[in-house]
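Architecture and fold: a report
Each chain is listed here by its residues.
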Amino acid sequence: MTAAQTHAAIAVEDLRFGFGDQPVLESVNFRIDEGAFTVIVGPNGGGKTTLLHLILGLYRPDHGHVRVFGDKPGRHPERIGYVPQHGNLAPGFPATVEQVVLMGLPHGRRHGPGFWRDERDRAAEAMRRAGVSELAVRAYGALSGGQRQRVLIARALITQPELLLLDEPFSNIDPYGRACIHETLEDLGQGLTRVMVSHDLGITRQSVTQVLAVNRLVLSGVGPGITDEMLELMYGRHGEQCPMHEHLMVGYGGRD
Amino acid sequence: MLDMELFSHGFVQRALIAAVLISIAAGIVGALVVVNRLVFMTGGIAHTAYGGVGTAIYTGWPVLPVTGVFTAAAALLLGLLSLRRRERTDTLIGVIWAAGMAFGLIMVDLAPGYQAGLMTYLFGSILAVSSQDLWIMAVIDVVIVAAAMYYYRDILSFSFDPVFARTRGIPVTGLYLMLLILVAETVVMMIQVVGLLLVIALLTLPPYLAQRFTRTLGGMMIASGLFALLFSLSGLWVSYRFDIGSGPAIIATASVIYLLVVGSAAIIGRVKSA
């Protein structure tokens, strides 16, 4: 408990990472406080998902450190909930919604084909929080994109994590589904540290406390606003006459 | 129709037991192959098994144990290579597929004497299964069932979303390699029954059908096992009735049943929506 109070949820120092000779992230330094709602924005291929995977411990940095709750990534699966992009998962996979949610439990000493009473209770609670209780016995493959995304959020919530990492939860989801997911995320509320990757700058909202702009380098800013430097990092320099400039400034409430 | 005297023959009894034993393995492993999209990988492993058969024929050692060890080693090698060069996996499979097969054919060519038994391993002959083979098959079944039950949760999570499974601390690489070895042993026990060329059919048709009727991975395993058994038994009967090879008869029967089920489902769907 004391460790959680004295450390940032996530601290990244002097990070460098690449695939082969291809640098993906360079000289990355930032810190995410506990309870923050951080949005990671940037162009496709800029390194957003890679950064998330480094925080999860799926990759090791080539240089520098990533600390999660003051420890190496991957040490505390039960304290971290991860919501990947739903579109990557196999359609038609034979699993009910409840089973998908149960897959969020960390690897432990329990084995065998069934799930235990207490585990199913935890799954029920996670489904309630994510608003998918009524879907419990449905086949996962038969759900809409928005429903699937909320089931994956429930899967991440089953351990009652302190940190929730979401990778583009709004991609390929219709406006109604987006609104539902937004509501779910807002309701999860206080105390939970949320880090959300998005390539849509429009999602930055009042409740957002920090923005990370990622395009090989990372810029960190306080509050939901996106600064000129961030826009330049992500999309290059656009003159005043460029329609792109106006679009970015007006459409997304830039210039913080 | 069937006359009861048929069942008094030892080879018929052994064939029926073999059908049950391969159905158990085919149901569990076939479901995992299909949901993990390892059909092509399984094809590669199946054809390297022929290298094992060739080695056994050349050395004169018993076929099932030699092929079992050979194929498991090949599956492990293929698995490790595919992890290192993920983007090259399909090419690697193609290379090992061809090399294993060629190696087997060369070994058979070099083996002294005329090899009448060769066709057995290409097209299968369930009627030639020995009691010793049945014991080996039973042991493989026990291993597969035990592994699938003990690791069920991990296998479920890894099959659904391997990246997420790693974030839960599940040993995904180990499970993947274990799955490939189970595939190898399933292939080996099926080679004698349906033959190398038809192994893939018996590992994919039952799970494809089962997937239509089940909502859980465990249910899919059981249902595909039952479909595999239905196919094997009806195929055996067709083989006996029309005096054709058992391997092709089993797969032909499976294909016909598959088409009937899928076709009637499509027609029912049309009628319902009309």
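Since the model is a prediction, treat every value here as computed from it, not as a measurement.

**Some words on the overall build of chain A**
For chain A, the count of helices and strands is eight helices and nine strands. By the burial criterion, 52% of the 256 residues in chain A qualify as buried.

**Regarding the side chain of Thr253 of chain B**
All names here are of chain B. Turning to its location among the elements, Thr253 is positioned in helix 12 (residues 246–273). In this structure Thr253 comes out as buried when scored by relative accessible area, which is 12%. What Thr253 contacts, discounting residues up to four positions off in sequence, is Phe231, Ser234, Gly235 and Val238.

**Some points on the side chain of Asp167 of chain A**
Residues and elements named next belong to chain A. Counting through the fold element by element, Asp167 comes out in strand 6 (residues 163–167). A distance of 3.1 Å separates the side chain of Asp167 from the side chain of Thr49, its partner in a polar contact. Aside from chain neighbours lying at most four places away, what touches Asp167 is Thr49, Leu52, Val83, Pro84, Gln85 and Val197.

**Some points on the environment of Ala252 of chain B**
Mapped onto the fold, Ala252 of chain B is located in helix 12. Considering only alpha carbons, one finds Ala252 of chain B and Val238 of chain B, 14 residues apart in sequence, at a separation of 9.4 Å.

**Thoughts on the confidence of the model for chain A**
Residues and elements named next belong to chain A. Looking at chain A, pLDDT values average 83 and 85% of them are 70 or higher. Across chain A, helix 3 (residues 97–102) holds the top mean pLDDT of 95, while helix 1 (residues 2–6) sits lowest at 44. In the predicted structure, residues 250–256 sits below a pLDDT of 50 and forms 17 contacts with residues beyond four places in sequence or in another chain.

**Notes on the nonpolar core**
Of all hydrophobic cores here, the largest spans 135 residues; its most connected members are Val101, Ile153, Leu164 and Leu185 of chain A together with Met137, Met190 and Val194 of chain B. Counting residues per element, this core draws most heavily on helix 9 (residues 172–194) of chain B, which supplies 16 residues.

**A look at a nonpolar patch on the surface**
Taken together, the side chains of Tyr58, Ile106 and Leu110 of chain B define a hydrophobic patch exposed on the protein surface, amounting to about 310 Å² of accessible area. The topology assignment puts Tyr58 of chain B in helix 2 (residues 39–59).

**Points about the interface of chain B and chain A**
Listed by partner, the interface residues are 27 residues for chain B and 37 residues for chain A. With both chains or domains summed, chain B and chain A bury close to 2,800 Å², and 62% of this area falls on carbon and sulfur atoms. Contact with chain A buries area across many residues of chain B, yet Arg153, Phe160 and Arg168 of chain B alone supply 33% of it, more than any other trio. At the junction of chain B with chain A, the criterion picks out two salt bridges. Measuring nitrogen to oxygen at the nearest pair gives 2.9 Å for the salt bridge that ties Asp161 of chain B to Arg155 of chain A. In this structure, the connection of chain B to chain A is made through 15 residue pairs in polar contact (both at pLDDT 80 or more). Elements supplying a minimum of two residues to the side of chain B that touches chain A: helix 6 (131–150), helix 7 (152–160), helix 8 (162–167) and helix 11 (217–242) of chain B. With seven residues, the single largest contributor to the side of chain B that touches chain A is helix 7 of chain B. Of the residues that constitute the side of chain B that touches chain A, the class distribution is 13 nonpolar, seven polar and seven charged.

**A closer look at the packing of helix 1 (residues 10–35) of chain B against helix 11 of chain B**
All names here are of chain B. Helix 11 packs onto helix 1 with a crossing angle of 140 degrees between their chain directions and a minimal axis gap of 7 Å. Relative to helix 11, the element helix 1 is oriented oblique. Our pair here, helix 1 against helix 11, has a crossing hand that is right-handed. Here the residues of the contact of helix 1 with helix 11 sort into 18 nonpolar, five polar and no charged.

**Looking at the pairing of strand 5 (residues 80–83) of chain A**
Residue and element names in this part refer to chain A. In strand 5, alternate side chains face the same way, and those of Ile80 and Tyr82 on one face and Gly81 and Val83 on the other are all buried. Sheet analysis places strand 5 next to strand 6, joined by four bridges and oriented parallel. Within strand 6, the position partnered with Tyr82 by the bridge is Leu165.

**So, the sheet that holds strand 3 (residues 37–41) of chain A**
Residue and element names in this part refer to chain A. Strands sit in the order 5-6-7-3-8-9 across an open sheet of six strands; the sheet is mixed. Two strands bound the open sheet, and with one partner strand each, they are strand 5 and strand 9 (217–222). Ignoring which end each strand starts from, the neighbouring axes of this sheet average 15 degrees apart. Here four bridges tie strand 3 to strand 7 (residues 193–197), and the two strands are oriented parallel to one another. Within strand 7, the residue paired with Thr38 across the bridge is Val195. Running over the sheet, helix 2 (residues 48–56) touches strand 3, strand 5, strand 6, strand 7 and strand 8 (210–215) and is turned about 150 degrees from strand 6.

**Things to note about the environment of Gly236 of chain A**
Residue and element names in this part refer to chain A. For Gly236, the location among the structural elements is in the loop between helix 7 (228–235) and helix 8 (243–251). By relative accessible area, Gly236 is classed as partly exposed at 30%. A C-alpha to C-alpha distance of 27 Å links Gly236 and Ala11, two positions 225 residues apart in sequence.

**Overview of unusual backbone geometry**
Residues and elements named next belong to chain A. Not every positive phi belongs to a glycine, and Glu168 is a case in point at roughly 45 degrees. Residue position: Glu168 is located in the loop between strand 6 and helix 6 (175–188). The phi dihedral of Arg216 is positive, around 70 degrees, even though this residue is not glycine. Relative to the assigned elements, Arg216 resides in the loop between strand 8 and strand 9.

**Re the packing of aromatic side chains**
Under the criterion given, the structure shown has eleven aromatic pairs over all chains. Taken together, a centroid distance of 6.3 Å and an interplanar angle of 15 degrees make the contact between Tyr82 of chain A and Phe164 of chain B stacked. Of the two residues, Tyr82 of chain A is situated in strand 5 and Phe164 of chain B in helix 8; the pairing between them involves two chains. The two residues Tyr82 of chain A and Phe164 of chain B agree in class, both being buried. Between the aromatic rings of Phe93 of chain A and Phe160 of chain B, the centroid separation amounts to 5.3 Å while the plane-to-plane angle is 70 degrees, which identifies the pairing as edge-to-face. Placement of the pair is Phe93 of chain A in the loop between strand 5 and helix 3 and Phe160 of chain B in helix 7, with the two residues belonging to separate chains. Each member of the pair, Phe93 of chain A as well as Phe160 of chain B, carries the same accessibility label: buried. Taken together, the ring pairs connect Phe17, Phe19 and Tyr59 of chain A into an aromatic cluster. Above the face of the Tyr140 of chain A ring, Arg148 of chain A is positioned so that its terminal group lies 5.5 Å from the ring centre. In this structure, Arg155 of chain A packs its charged tip against the face of Phe164 of chain B, placed 3.4 Å from the ring centre.

Rules of the game
Think of each chain on its own: its residues are numbered from 1, step by step along the sequence as written. Numbering of ligands from 1 and lettering of chains from A proceed in the order in which they are written. Only residues with pLDDT of at least 70 get local features here, since the model is predicted, and only at 80 or more are side-chain atom pairs given and counted; chain-wide, interface and lining totals rely on the full set of residues. Each side-chain value is derived from all of the structure's non-hydrogen atoms; neither hydrogens nor water enter the calculation. Helix and strand assignments follow DSSP, with helices taken as H or I runs no shorter than four residues and strands as E runs no shorter than two, numbered in order from the N terminus. Relative accessible area decides the class of each residue, using a 1.4 Å probe on protein chains only: under 20% of the type maximum gives buried, over 50% gives exposed, and in between gives partly exposed. Contacts are assigned to residue pairs that have any heavy atoms within 4.5 Å of one another. Under this definition, polar contacts are N or O atom pairs within 3.5 Å; protein pairs additionally need one hydrogen-donor-capable and one acceptor-capable atom, and for neighbouring residues in sequence, both atoms have to be side-chain atoms. On a scale of 0 to 100, pLDDT captures the predictor's confidence in every residue. Residues belong to one nonpolar core when they are buried, are Ala, Val, Leu, Ile, Met, Phe, Trp, Tyr or Cys, and are joined through side-chain atoms within 4.5 Å. Only residues whose relative accessible area exceeds 30% and that take part in no salt bridge are eligible for patches, with like-charged residues grouped when within 9 Å of each other and nonpolar side chains (Val, Leu, Ile, Met, Phe, Trp, Tyr) grouped when within 5 Å. To be clear on the numbers: accessible area is Shrake-Rupley with a 1.4 Å probe, and residue cover counts the displayed protein chains and nothing else. When a carboxyl oxygen of Asp or Glu lies within 4 Å of a side-chain nitrogen of Lys or Arg, that pair is called a salt bridge. Buried area is calculated as the accessible area (1.4 Å probe) missing from two parts once they are joined, with the contributions of both summed. Three categories are distinguished: nonpolar for Ala, Val, Leu, Ile, Met, Phe, Trp, Tyr, Cys and Pro, charged for Asp, Glu, Lys and Arg, and polar for the others, with Gly belonging to the last. Comment: axis = line fitted to C-alpha atoms, over the contacting stretch for helices; angle = value between 0 and 180 degrees taken between N-to-C directions. Angle categories are assigned with fixed cut-offs, so that under 35 degrees is roughly parallel, over 145 is roughly antiparallel, 65 to 115 is roughly perpendicular, and the rest are oblique. Crossings are classed by handedness, with left-handed meaning an anticlockwise turn of the near helix from the far one by less than a right angle and right-handed meaning a clockwise turn. What makes two strands pair is DSSP finding at least two bridges between them. The rule is short: rings of Phe, Tyr and Trp, with Trp giving its six-membered ring, pair when the centres are within 6.5 Å, and they are stacked under 30 degrees, edge-to-face over 60, tilted in between. Should the NZ of a Lys or the CZ of an Arg lie within 6 Å of a ring centre and within 35 degrees of the ring normal, that charge is described as sitting over the ring.

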